[in-house]
Amino acid sequence: MTLDQLTPGNSCTITGLSAANILGQRLLDMGIFPGLTLRVIRNAPLEDPMQVEIEGYSISLRHEEARFVEVEADGNR
């Protein structure tokens, strides 16, 4: 499963990144690492970007970027 498939309110654990080059580095720079948990807070009115919370801070990701983040859903909280 990838991050772009989650809906607001869902939480998950990051299992891997399938992006390489500049996008992979950008995701790492934003603090997206395997093993961390995150929660999807909301989607923008037209569904893009999505806001997620990681380690107490929030970031926005385009769904196009989020599909390179492999996750394991933890269920709703």
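Residues numbered from 1 in each chain as written. Predicted model: local features only at pLDDT ≥ 70, side-chain atom pairs only at ≥ 80, totals over all residues. Heavy atoms only, no water.

(A) How the structure looks around the confidence of the model for the chain. When the pLDDT values of the chain are averaged, the result is 92; 96% of them are 70 or greater. Strand 3 (residues 50–54) holds the highest mean pLDDT among the elements of the chain, 96, whereas strand 5 (residues 69–76) holds the lowest, 83. (pLDDT = per-residue confidence, 0-100. Helix = DSSP H or I, 4+ residues; strand = E, 2+ residues; numbered from the N terminus.)

(B) Fine view of the nonpolar core. With 19 residues, the main nonpolar core has Leu3, Ile32 and Leu61 as its most contacted residues. Elements with a minimum of two residues in this core: strand 1 (10–17), strand 2 (37–43), strand 3, strand 4 (57–61) and strand 5. If one sorts the elements of this core by residue count, strand 3 sits on top with three residues. The residues touching Leu3, leaving out its near neighbours within four places in the chain, are Cys12, Leu38, Val40, Met50, Leu61, Ala66, Val69 and Val71. (Core = buried A, V, L, I, M, F, W, Y, C linked by side-chain atoms within 4.5 Å. Buried < 20%, exposed > 50% of the residue type's maximum accessible area, 1.4 Å probe, protein only. Contact = heavy atoms within 4.5 Å.)

(C) Structural view of the side chain of Gln51. Residue position: Gln51 is located in strand 3. Owing to a relative accessible area of 19%, Gln51 belongs among the buried residues under this scheme. At 2.4 Å, the side chain of Gln51 and the side chain of Arg42 are in polar contact. Within polar-contact distance, the side chain of Gln51 engages the side chain of Ser58 at 3.2 Å. Ignoring any residue separated from it by four or fewer positions in sequence, one finds Gln51 in contact with Arg39, Val40, Ile41, Arg42, Ser58, Ile59 and Ser60. (Polar contact = N/O pair within 3.5 Å; in protein donor to acceptor, adjacent residues only side chain to side chain.)

(D) Up close: the environment of Leu36. When you line up the elements, Leu36 lands in the loop between helix 1 (21–29) and strand 2. For the pair Leu36 and Asp4, spaced 32 residues apart in the sequence, the C-alpha separation amounts to 16 Å. Those residues in contact with Leu36 that lie beyond four places of it in its chain are Cys12, Thr13, Ile14, Gly31, Ile54 and Glu55.

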